[in-house]
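# Chain and residue survey
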2 protein chains.
Amino acid sequence: MTADTGADYPAENDAEYLVEPLLAEVEALDELILAAIRRRTALARQLGRTMIGPGRTVSSRSQQHRELAVLRRFAEFDQEGRTLAMVLLRLGRGRPGPAP
Amino acid sequence: MTADTGADYPAENDAEYLVEPLLAEVEALDELILAAIRRRTALARQLGRTMIGPGRTVSSRSQQHRELAVLRRFAEFDQEGRTLAMVLLRLGRGRPGPAP
């Protein structure tokens, strides 16, 4: 579809024509976010298993420190960042969501 | 800190020693997720401006289609995926969260 021939110009209006490259990048970013969350979830669950193995105890205080660090990391997005961080923490604990 | 010399072995127990590389990767993934969400948010807001420019109308139906596609993309994480998708959509619309 090229703008200069005019003939191929989208029937509706040029908005669709302009948005397509933006939409494609948003979709690619979503895939990247999904892949990172899949990997993060698997790692966090592995962490959980590692920390409660035989003869191993990691203090709940250090666990709390780590979770607060995640909340701080996402704080730039205010309440939405808090919601994001809580989702990542729950996924990592193995609550709702697919097995790794 | 090496396991074989024993002397450097962490006082608490070996859990902290084992988890450090996992924690470092989780942190790196969080940074990657944050950067992708920052970029996605900026793009989605640019999309919004593009779609409602002078003489441009993109049907709300196609807008709904796009939002449903985002929900489907994150469906692998069940309810947590839905929460994630809704956060990304709200950030993209410019509701709570930093300006792009």
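Just so you know, the residues in each chain are numbered from 1, in the order the chain's sequence is written. A letter from A marks each chain and a number from 1 marks each ligand, given out in the order of writing. Only residues with pLDDT of at least 70 get local features here, since the model is predicted, and only at 80 or more are side-chain atom pairs given and counted; chain-wide, interface and lining totals rely on the full set of residues. The side-chain quantities take in all heavy atoms of the structure and omit both hydrogens and water.

By the naming in an unreviewed UniProt entry, chain A goes by Chorismate mutase and is assigned to Skermania pinensis.

## Thoughts on the overall build of chain A
Note the cut-off: Per the convention used, a helix needs a DSSP run of H or I reaching at least four residues, while a strand needs a run of E reaching at least two, with both numbered from the N terminus. Summary of the burial criterion: residues with accessible area below 20% of their type's maximum are buried, those above 50% are exposed, and those between are partly exposed, where the area comes from a 1.4 Å probe applied to protein chains only. Pairs of residues are marked as contacts when any of their non-hydrogen atoms sit within 4.5 Å. Using a 1.4 Å probe, accessible areas were evaluated by the Shrake-Rupley method; residue-level cover was limited to the displayed protein chains.
The secondary structure content of chain A amounts to 3 helices and 0 strands. Helices and strands in chain A line up, N terminus first, as α-α-α. The proportion of buried residues among the 100 residues of chain A is 41%. Partitioning the intrachain contacts of chain A with sequence separation of at least 6 by distance along the chain shows that 39% fall at a separation of at least 24. On chain A, roughly 5500 Å² of surface is accessible, and the fraction owed to carbon and sulfur atoms is 57%.

## Description of the nonpolar core
To keep it simple, the criterion reads: What is meant by a nonpolar core is a set of buried Ala, Val, Leu, Ile, Met, Phe, Trp, Tyr and Cys residues, joined one to another through side-chain atoms within 4.5 Å.
Ranked by size, the top nonpolar core spans 42 residues in total, and within it A:Ile37, A:Phe74, B:Ile37 and B:Phe74 carry the most contacts. Those elements giving two or more residues to this core turn out to be helix H1 (14–51), helix H2 (60–73) and helix H3 (78–93) of chain A together with helix H1 (14–51), helix H2 (60–73) and helix H3 (78–93) of chain B. Beyond its immediate stretch of four places on either side in the chain, B:Ile37 contacts A:Ile33, A:Phe77, A:Leu84, B:Leu88 and B:Leu91.

## Focus: H2(B)
This is how the line gets drawn: The span one expects for a helix is its residue count, reduced by one, times 1.5 Å.
In a regular helix each residue adds 1.5 Å, so 14 residues correspond to 20 Å; H2(B) covers 20 Å between its end C-alpha atoms and thus fits that length. Taken together, the buried positions of H2(B) are occupied by B:Ser62, B:Arg66, B:Glu67, B:Val70, B:Leu71 and B:Arg73.

## Side note on the packing of H2(B) against H3(B)
Helices that pack against each other are described as a pair by the angle of their axes relative to one another and the distance between those axes. Residues and elements named next belong to chain B. Quick reminder of the rule: All axes here are fitted lines through C-alpha atoms, helices being fitted over the stretch that makes contact, and every angle between N-to-C directions spans 0 to 180 degrees. By definition, turning the near helix anticlockwise from the far helix through less than a right angle yields a left-handed crossing, and turning it clockwise yields a right-handed one. Residue polarity is assigned by list, with Asp, Glu, Lys and Arg as charged and Ala, Val, Leu, Ile, Met, Phe, Trp, Tyr, Cys and Pro as nonpolar; anything else, Gly included, falls into the polar class.
Running from N to C, H2 and H3 point in directions that differ by 140 degrees, and their axes come no closer than 8 Å. Of the two elements, H2 crosses H3, and the hand of that crossing is right-handed. Residues Glu67, Val70 and Leu71 of H2 lie in contact with H3, whose contacting residues are Arg82, Ala85, Met86, Leu89 and Arg93. Its residues assigned to classes, the contact of H2 with H3 shows 5 nonpolar, no polar and 3 charged.

## Let's talk about the packing of H3(A) against H3(B)
Spelled out, the test is: Roughly parallel means an angle under 35 degrees; roughly antiparallel means over 145; roughly perpendicular covers 65 to 115; every other angle is labelled oblique.
One can describe the packing of H3(A) onto H3(B) by two numbers: an axis separation of 10 Å at closest approach and a directional angle of 160 degrees. As judged from the angle between their axes, H3(A) and H3(B) are roughly antiparallel. Seen along the crossing, H3(A) lies across H3(B) with a hand that is left-handed. On H3(B), the residues touching A:Glu80, A:Thr83, A:Leu84, A:Val87, A:Arg90 and A:Leu91 of H3(A) are B:Glu80, B:Thr83, B:Leu84, B:Val87, B:Arg90 and B:Leu91. Of the residues in the contact of H3(A) with H3(B), the class split is 6 nonpolar, 2 polar and 4 charged.

## Let's talk about the pattern of salt bridges
Close approach of charged atoms allows side chains of opposite charge to pair. Applicable threshold: Between Lys or Arg on one side and Asp or Glu on the other, a salt bridge is scored when a side-chain nitrogen of the former is within 4 Å of a carboxyl oxygen of the latter.
According to the stated counting rule, one finds 14 salt bridges over all chains in the structure shown. Salt-bridge contacts for B:Glu76 lead to A:Arg38; the nearest nitrogen and oxygen are separated by 2.7 Å. Pair noted here: B:Glu76 is in the loop between H2 and H3 and A:Arg38 is in helix H1, and the two residues belong to different chains. Taking the relative accessible area as the measure of exposure, B:Glu76 reaches 31% and is therefore partly exposed. One network of salt bridges, with partners in common, ties together A:Glu27, A:Asp30, B:Arg40 and B:Arg73.

## Some thoughts on unusual backbone geometry
A positive phi angle, close to 50 degrees, is found at A:Asp78, a residue other than glycine. Looking at where A:Asp78 falls in the secondary structure, it is placed in helix H3.

## A word on the environment of B:Glu67
Residues and elements named next belong to chain B. How we decide: Polar contact is defined as a pair of N or O atoms within 3.5 Å, subject to the rule that within protein one atom must be able to donate a hydrogen and the other to accept it, and that residues adjacent in sequence are counted only when both atoms are side-chain atoms.
Along the chain, the position of Glu67 falls in helix H2. Overall, the relative accessible area of 18% leaves Glu67 in the buried class. Through-space distance from the C-alpha of Glu67 to that of Leu88 is 10.0 Å; in sequence the pair is 21 residues apart. Setting aside residues up to four positions removed in sequence, Glu67 forms contacts with Leu89 and Arg93. At 2.9 Å, the side chain of Glu67 and the side chain of Arg93 are in polar contact.

## Digging into H3(A)
The periodicity of an α-helix, 3.6 residues per turn, causes residues three or four places apart in sequence to face the same way. Helix length check: H3(A), at 16 residues, gives a terminal C-alpha distance of 23 Å against a target of 22 Å (1.5 Å per residue), a fit within 8%. When H3(A) is considered as a whole, its buried residues turn out to be A:Glu80, A:Gly81, A:Thr83, A:Leu84, A:Ala85, A:Val87, A:Leu88, A:Leu89, A:Leu91 and A:Gly92.

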